[in-house]
Amino acid sequence: MNNPVKTDDIIFNFFKQICDEKDDKKCVELGNSWIRAMETNLVNLEANLDEKDKIKHKENIQNNRDHLNSLKGKNSAEWKEYATKCMVEIMNNKV
């Protein structure tokens, strides 16, 4: 029996990995890898939009970039707090 992999589960598990990481440096590295992955996703998403949709979603894309920029420089405790909030949000929105 194949169960489809759900994006929320993958994201939840990634944030759980951040929370469970004992080594502060590795925790920060995981957080920074999250930022890089999400920045890549934004670039790819924007590249695939036509001009009309780029204009329509410009503010949302910029808000996402601003959010990612606000995560840069976090220490391990801050990453664990952020990851915990994200995991709670995922759980609260499970269907």
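Please read these numbers as outputs of a predicted model, since none were measured by experiment.

Draft legend 1. Quick peek at the overall build of the protein. Scanning the protein for helices and strands turns up four helices and zero strands. By its C-alpha atoms, the protein is 45 × 40 × 20 Å across when sized along the principal axes. Counting all 95 residues of the protein, 24% fall into the buried class. Sequence-distant contacts in the protein: of pairs separated by 6 or more residues, those separated by 24 or more amount to 63%. For the protein, the exposed area adds up to about 7,100 Å²; of that, 51% sits on carbon and sulfur atoms.

Draft legend 2. Spotlight on the packing of helix H1 (residues 7–20) against helix H4 (residues 76–92). In contact at an axis separation of 8 Å, H1 and H4 are set at 150° when each is read in the N-to-C sense. Between H1 and H4, the angle falls in the class roughly antiparallel. Our pair here, H1 against H4, has a crossing hand that is left-handed. The residues of H4 that touch H1, namely those facing Asp8, Ile11, Phe12, Phe15, Lys16, Ile18 and Cys19, are Trp79, Lys80, Tyr82, Ala83, Thr84, Cys86, Met87, Ile90 and Met91.

Draft legend 3. Spatial organisation of the state of the cysteines. Using the criterion set out here, one finds zero disulfides in the structure. In this structure cysteine 27 is a free cysteine whose sulfur lies 7.6 Å from that of cysteine 19, the closest cysteine sulfur available. Left without a disulfide partner, cysteine 86 is nearest to the cysteine sulfur of cysteine 19, which lies 9.0 Å away. For cysteine 86, a relative accessible area of 15% corresponds to the buried category.

Draft legend 4. Representation of H4. The end-to-end C-alpha separation of H4 is 24 Å, in line with the 24 Å expected for 17 residues at 1.5 Å each. Considered for burial, the residues of H4 that qualify are Ser76, Trp79, Tyr82, Ala83, Cys86, Met87 and Ile90. One side of H4 carries all its buried residues, which in axial view fall inside an arc of 140°. Pointing more than 90 degrees away from the buried face of H4 are the exposed residues Ala77, Lys85, Glu89 and Asn92. Taken together, the buried residues of H4 touch H1, helix H2 (24–47) and helix H3 (51–71).

Conventions used here
One numbering rule holds for all chains: residues counted from 1, following each sequence as written. Under the rules for a predicted model, residues below a pLDDT of 70 receive no local features and side-chain atom pairs below 80 are neither given nor counted, while totals for whole chains, interfaces and linings still include all residues. Computation of side-chain values: all heavy atoms of the structure, hydrogens and water removed. Only DSSP runs of H or I reaching four residues or more are called helices, and only runs of E reaching two or more are called strands; each is numbered from the N terminus. Only protein chains enter the accessibility calculation, which uses a 1.4 Å probe; a residue is then buried when its area is under 20% of its type maximum, exposed when over 50%, and partly exposed in between. Residue contacts are defined here by distance: any two heavy atoms, one from each residue, within 4.5 Å place the two residues in contact. Here the accessible surface of atoms and residues is derived via Shrake-Rupley with a 1.4 Å probe, and residues count as covered only by protein chains that are part of the display. Between the N-to-C directions of two axes lies an angle of 0 to 180 degrees, each axis being a line fitted to C-alpha atoms and, for a helix, fitted only over the stretch in contact. Angle categories: roughly parallel below 35 degrees, roughly antiparallel above 145, roughly perpendicular from 65 to 115, and oblique for all the rest. Each crossing gets its handedness from the near helix: less than a right angle anticlockwise from the far helix is left-handed, clockwise is right-handed. In plain terms, two cysteine sulfur atoms within 2.5 Å form what is called a disulfide here. Expected helix span is given by 1.5 Å per residue-to-residue step, counting one fewer step than there are residues. This arc is taken over the directions from the axis of the helix to the C-beta atoms.

Interpretation in functional terms is not warranted from these geometric data alone.
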